[in-house]
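Close look at the chain arrangement
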Amino acid sequence: MRRPFLLLLLGGCSFVLVDEPCLLPVDTGDDTGSPGDTGDTGDTGDTGDTGDLPGLYLQVSAGGMHTCALRDAGEIECWGRSEEGQTSPPSLTAQSITSGYAHSCALDEEGAATCWGLDDSGQASAPSGPFTSLTAGGHHTCGLNPDGGIECWGRGFEGQLDVPEGKWSQVSAGWDHTCALDTAGYILCWGGDMAGSEDAVTSPPGSHTQLTSGQGFSCALDLEGMARCWGLDTAGETRPPEGIFVEIAAGLAHACALVEDGTAVCWGDNEGGQLSAPDDSLMGLSSTSGAMHTCALLGSAPAEEVRCWGLDSQGQIIP
């Protein structure tokens, strides 16, 4: 049985690698890993090397300025920005995918990890595994082992690779921090997302069912389905609305959650229209790191369509 996935929805706060908090408006930055580089120059580059593959969609994963989706036969289809090779997945039969800022990874049927795209910090150089799940962050990636251990690789300047001892059920990589749920559902975070966001690693007490991490903040669902968010708050991203949710997803400076009927409720930054979720019933979500667009499956998986909204400067919206 496949595990449920979370959708990571990334907003419009500046991904600038300096020792200052992330502030609006977006800094367009460069092409090598600044999260504020949203590609607003109009140069869409290569919008995908995989073409239109046949079959239904099992999963979609929104990266920085690219998107990847998993077909029901295990093929991977990617579109959007491709300057770092992030839309050129290898040929394999995958069981799950995850996308970071400019890299993506997949697990094959035996739990071996394969990554592609930007590898400036080793984030696309996956260890042998095996893993039961993967999560891609800004410039690092983590995998959950079958025995409940976590292994992380890539950039580790802020301590995001320093996995504490314990047995874990879920792991979520943010920009420069990582959070995990232990087997009892309690949250522990490590690393630190930019100056001024030390609270990103100060997790709330109690047991939780789902976890997702953004740039300088994280969110989780408690046992009743209520959303809790903590960390850097530049645009209201740590102030979720009241309600009972079944899935939750954190982004660059915004977050979204699904109610039982699949309707999305979003909060935080909306500079790229990333809060303008469609009225359709959305399912089949995955946890990733991205920029200013959001994607989900239309209906339950396997689905005939991928539905994306938000910034489309690099062709990351339409498959």
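For the structure, see preceding data.
Anyway, here's the lowdown on the structure attached to this text. Bear in mind the structure is a predicted one, so any value in this text is a computation, not a measurement. In this convention, every chain numbers its residues from 1, walking through the sequence in written order. Local features in this predicted model are restricted to residues of pLDDT 70 or higher, and side-chain atom pairs are both shown and tallied only at a pLDDT of 80 or more, whereas totals for entire chains, interfaces and linings draw on every residue. Heavy atoms from the whole structure form the basis of all side-chain values; hydrogens and water molecules are not counted.

Side note on the packing of aromatic side chains
Classification of ring pairs uses Phe, Tyr and Trp, with its six-membered ring standing for Trp, and accepts pairs whose centres are within 6.5 Å; under 30 degrees between planes counts as stacked, over 60 as edge-to-face, and the remaining range as tilted. Tallying each qualifying case throughout the model produces three aromatic pairs. Judged by centre distance (5.6 Å) and plane angle (35°), the rings of Phe131 and Trp153 are tilted. With a gap of 22 residues between them, Phe131 in the loop between strand E6 (113-117) and strand E7 (133-136) and Trp153 in strand E9 (residues 150-154) connect regions that are remote in the sequence. For the residue pair Phe131 and Trp153, the accessibility class agrees, reading buried in each case. Between Trp168 and Trp190 the ring centres are 6.2 Å apart and the planes differ by 50°, which places this aromatic pair in the tilted class. Numbering of helices and strands starts at the N terminus; helices are DSSP runs of H or I of at least 4 residues and strands are runs of E of at least 2. Accessible area is worked out with a 1.4 Å probe on protein chains only. A residue is then buried under 20% of its type maximum, exposed over 50%, and partly exposed in between.

Here's the deal with the pairing of strand E3 (residues 76-80)
Along E3, five of the five residues are buried, which leaves the element largely enclosed by surrounding structure. Neither face of E3 is exposed, since Ile76, Cys78 and Gly80 on one face and Glu77 and Trp79 on the opposite face are all buried. Between any two strands, at least two bridges found by DSSP are needed for them to pair. Sheet topology note: the strand E2 (residues 66-71)/E3 ladder contains five bridges and is antiparallel. From the neighbouring strand, His66 faces E3, where its bridge partner is Gly80.

Here we look at unusual backbone geometry
At the junction of Gly129 and Pro130, the peptide bond is cis and its omega measures out at 5° in the coordinates. Relative to the helices and strands, Pro130 is located in the loop between E6 and E7. Here the residue pair Ala301 and Pro302 is connected by a cis peptide bond, since its omega of 0° sits within 30 degrees of zero.

A closer look at the sheet that holds strand E1 (residues 57-62)
Taken together, three strands build an open sheet; the order of strands is E1-E2-E3 and the sheet is antiparallel. Strand pairing shows two members of the sheet lacking a second neighbour, E1 and E3, which therefore form its edges. In this sheet, neighbouring strand axes are inclined to one another by 20° on average, regardless of whether the strands run parallel or antiparallel. Sheet topology places E1 next to E2; five bridges connect them, and they run antiparallel. Within E2, the residue paired with Ala62 across the bridge is Thr67. Inter-axis angles, ranging from 0 to 180 degrees, are taken between N-to-C directions of lines fitted to C-alpha atoms, where helices are fitted over the stretch in contact.

Re the pattern of salt bridges
Each salt bridge in this description consists of a side-chain nitrogen of Lys or Arg and a carboxyl oxygen of Asp or Glu lying within 4 Å of one another. This structure, assessed with the given rule, holds eight salt bridges. Between Arg307 and Glu305 there is a salt bridge, with the nearest N and O atoms lying 3.2 Å from each other. Owing to a relative accessible area of 24%, Arg307 belongs among the partly exposed residues under this scheme. On the accessibility criterion, Glu305 (39% relative accessible area) is partly exposed. Connected through salt bridges with shared partners, the residues Arg81, Glu83 and Glu84 form a single ionic network.

A short note on the state of the cysteines
Cysteine sulfur atoms that pair up within 2.5 Å are treated as a disulfide. Within this structure, the stated rule accounts for seven disulfides. Residue Cys142 pairs covalently with Cys152 via a disulfide, S to S 2.0 Å. Judged by the sign of its S-S torsion, about 105°, the cystine formed by Cys142 and Cys152 is right-handed. Taken together, the residues span a long stretch of sequence, with Cys142 in strand E8 (residues 140-144) and Cys152 in strand E9 at a distance of 10 residues. For the pair Cys142 and Cys152, a shared accessibility class is recorded, and that class is buried. The disulfide bridge from Cys219 ends at Cys229, spanning 2.1 Å between sulfur atoms. The chirality of the disulfide connecting Cys219 with Cys229 is right-handed, given an S-S dihedral of about 110°. With a gap of 10 residues between them, Cys219 in strand E14 (residues 217-222) and Cys229 in strand E15 (residues 227-231) connect regions that are remote in the sequence.

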